[in-house]
Protein chains: 2
Amino acid sequence: MADKVTIADVARAAGVSRQTVSNALNTPEVVRAETRRRVLDVVEELGYRVNQAARQMRTGRSRLIAARIDPEQDGINGSVGDRFLHGLTETAAREGYRVLLYTADGDDAETAAFDDLLGAYEPDAFVLMATHHDDKRTSWLAERGVPFVTFGRAWSEPAAPHCWVDVDGAAGTEAATRHLLSQGHRRIGFLGWPTGSGVGDDRREGWRRALAEVGLGVSGLHRETEDDVAPGEHAARDLLERDPEITALVCASDSLALGALHVARAPGPAWLAGGHPHRPVAVVGFDDTPVAKAIGLTSVRQPLAEVASSCLRLLTHRLDGGAGASPEYLLLPPSLVVRASG
Amino acid sequence: MADKVTIADVARAAGVSRQTVSNALNTPEVVRAETRRRVLDVVEELGYRVNQAARQMRTGRSRLIAARIDPEQDGINGSVGDRFLHGLTETAAREGYRVLLYTADGDDAETAAFDDLLGAYEPDAFVLMATHHDDKRTSWLAERGVPFVTFGRAWSEPAAPHCWVDVDGAAGTEAATRHLLSQGHRRIGFLGWPTGSGVGDDRREGWRRALAEVGLGVSGLHRETEDDVAPGEHAARDLLERDPEITALVCASDSLALGALHVARAPGPAWLAGGHPHRPVAVVGFDDTPVAKAIGLTSVRQPLAEVASSCLRLLTHRLDGGAGASPEYLLLPPSLVVRASG
DNA sequence: ATGCATGATTTGATCGTTCAAGTTAAGGAA
DNA sequence: TTCCTTAACTTGAACGATCAAATCATGCAT
């Protein structure tokens, strides 16, 4: 609290001007090596730290990156966002940035939040999660020339005008399906979300592809429903009852997979209510949430730490380095975490 | 992106001086009502927003609150921090503050992070989670006069020199135990953490108290172990095998409870490996994590949103209002979420 | 009338940094 | 010698807000 050391203090102690101190720190190449050393020694000795607010005033750059923190949606899939945020914060710190949080419920509230933040704190960039078709947020930012990356590809545009990083969901479900095929399963169903969501359609496609590769069709083998446990259970029951040949299910999320497990399991334990005795069915989820780990559910894991660091690297590259003209896209492969469920 | 409106722009348009605009916004009572209205109209019309950086330079206040984001510990209990952070962000926004994230592994790394942040971004305050005995972090901040609140009481000091908000863990386990008693259970065990952790000891105490109230002792009824699923399972097995009379277990966390469930359940489903057939045992967890909800585990729920908003309210009260001399403490009651497990 | 609070507004200075332009000294080419 | 270039460093101004002090009316008591 006591003292705040300013650049002028350092300059005085080192016997140079303010600007030379600034140069020694930010543009070393214009300062004589010996002078630079002397300045850096004094900086160290006095414990000088540049004041962000002052720097921001002059340069217009806040070294702040804004990201949304979600209320844990259904409580199961929510943890994805948190793992991502943690990775983001860690990488950001390493690159000299900090993560500023905001909340918003819906796209309109979020663009309003953009406006507020830009007016007051002037973050240098935004990181968006969960992109969807006709995402208003990206166009809002793009129109105003605000830098941003998205975790999630641009579903509506073939070649997006902005950078994105995403995980290859289709590759994930494809790997999951192949895994099940290799275990001898031949009739493998899919539990997903209603057509029209980019992410959901993508995950279904991976499953379809894997089956097609070995000459199997998908007719009557899938159900689409809301992303929660109860709907998942319902859909799974329906699917399994209509097709007694099905021995395995690939799911678009751990929530759905958990619902499926309630049906697919052998006569259930006392603390899981209402299970009809049923043949055992293998189940694979998506996201490798804590719940999956806890109950031994095989699941597709997204490399969230890498997604986060990639997002940040794309941003800082644009912010600090020359602003490369064409946007970059990055599609990372997920991995399958095999557990007892399949 | 185009234009940024400054206070000078507003002043010019409204035909007053910069200072009057500032006063109209920050000290309305010194400005004539009519003038104030005119200024506010112009503010609205031009879309003026105060620039935080400039304000911070002059006032020394950043309106930033720093909080740590954890890597999801064991993946199960981690979600507590995230729910808290979300609440914090939401309340902060309402009070004109923003949450700035940082990461740190261990107390020393965290105080180093304090130093970094204070030097560069000058957050007005810190919010700390998971306080423990002899917490280096609180003393570091206190010595330097940096405002902060902790989620978690000051375990080492009788009357802490700083504000804290906490959840009454003992009340939670007490309620859980009473609930089990009311269901007819008479021999109720406890699975907890090694003695010495404030939180863990507190939770054990609530269980003990509830049993004592109805004249029951606790000898041989509890086990202490590391906070994870496997140790929980191990400890539960040990406890249940040595005392065949036990019909229910209260646990210090959902992780432990999940381990206990692996033992306590009726002959397990195929996807949960290695279960010895066993008598059914009721289990209650702590934290009401997504996992608890997913598997139907009765659990003690902490009112995280209220904890977060209370933390923030205590802070802003001190930051904005007069800095009340004596610290305030707030102990909030948890609630029991009853599910199939007990 | 004069003086003097009081209310409403304005003026100049300042926070700590970096930008842009200026200065100084040294080295080469003419 | 004189001029020009370059390297190394310094000086003043500016970013956009608020603080502290100054100014200008206005009303009221003396």
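This next bit is on the packing of helix H2 (residues 18–26) of chain A against helix H3 (residues 33–46) of chain A. Residue and element names in this part refer to chain A. The contact between H2 and H3 brings their axes to 9 Å, and the two run at 95°. Taken together, the axes of H2 and H3 lie roughly perpendicular to each other. Of H3, the residues touching H2 (which contributes Thr20, Val21, Ala24 and Leu25) are Thr35, Arg36, Val39, Leu40 and Val43. In the contact of H2 with H3, the residues fall into six nonpolar, two polar and one charged.

Another aspect to go through is the protein's contact with DNA strand D. For DNA strand D, the set of nearby residues contains 26 residues, the closest of which are Thr20 and Thr35 of chain A together with Ile7, Gln19 and Ser22 of chain B. A share of 53% of the atoms of DNA strand D within 4 Å of the protein falls on sugar and phosphate groups. The separation between a base oxygen of DNA strand D and a polar side-chain atom of Arg18 of chain A is 2.9 Å. The separation between a phosphate oxygen of DNA strand D and a polar main-chain atom of Asn51 of chain B is 3.2 Å. When contributions to the surface near DNA strand D are tallied by element, the ones reaching two or more residues are H2 and helix H4 (52–59) of chain A together with helix H2 (18–26) and helix H4 (52–59) of chain B. Residue contributions to the surface near DNA strand D peak at five residues, all from H4 of chain B. Among the residues forming the surface near DNA strand D, the class breakdown is eight nonpolar, 10 polar and eight charged.

According to the domain assignment, chain A consists of domain 1 (7–50), domain 2 (64–167 + 304–332) and domain 3 (169–301). In this structure, domain 1 of chain A and domain 2 of chain A have C-alpha centres spaced 35 Å apart.

Every contact between the two is made by 60 residues of chain A and, on the other side, 61 residues of chain B. Between chain A and chain B the total buried area reaches about 5,200 Å² when both faces are included, carbon and sulfur atoms providing 62% of it. Where chain A meets chain B, there are six salt bridges. Arg49 of chain A is the salt-bridge partner of Asp116 of chain B, the closest N and O atoms lying 3.2 Å from each other. At the boundary of chain A with chain B, the tally comes to 14 residue pairs in polar contact (both at pLDDT 80 or more). When contributions to the side of chain A that touches chain B are tallied by element, the ones reaching two or more residues are H4, helix H5 (79–94), strand S2 (98–102), helix H6 (107–120), helix H11 (254–264) and helix H12 (290–295) of chain A. Examining the composition of the side of chain A that touches chain B, we find that six residues originate from one element, H5 of chain A, more than from any other. Among the residues forming the side of chain A that touches chain B, the class breakdown is 30 nonpolar, 14 polar and 16 charged.

Around DNA strand C lies a shell of 27 residues, among which Ile7 and Gln19 of chain A together with Ser17, Thr20 and Thr35 of chain B are the nearest. One of the backbone N or O atoms of Ile7 of chain A is found 2.4 Å from a phosphate oxygen in DNA strand C. Arg18 of chain B places a polar side-chain atom, nitrogen or oxygen, 2.9 Å from a base oxygen of DNA strand C. Listed by contribution, the elements that provide at least two residues to the surface near DNA strand C are H2 and H4 of chain A together with H2 and H4 of chain B. With five residues, H4 of chain A is the largest single contributor of residues to the surface near DNA strand C. Considered class by class, the residues forming the surface near DNA strand C number nine nonpolar, 10 polar and eight charged.

Calculation notes
Residues numbered from 1 in each chain as written. Chains lettered and ligands numbered in written order. Predicted model: local features only at pLDDT ≥ 70, side-chain atom pairs only at ≥ 80, totals over all residues. Heavy atoms only, no water. Axes fitted to C-alpha atoms, helices over the stretch in contact; angles between N-to-C directions. Helix = DSSP H or I, 4+ residues; strand = E, 2+ residues; numbered from the N terminus. Parallel < 35°, antiparallel > 145°, perpendicular 65-115°, else oblique. Contact = heavy atoms within 4.5 Å. Nonpolar A, V, L, I, M, F, W, Y, C, P; charged D, E, K, R; others polar. Near = heavy atom within 4 Å. Polar contact = N/O pair within 3.5 Å; in protein donor to acceptor, adjacent residues only side chain to side chain. Domains from an automatic or database assignment. Buried area = accessible area lost by both parts, 1.4 Å probe. Salt bridge = Lys/Arg side-chain N within 4 Å of Asp/Glu carboxyl O.

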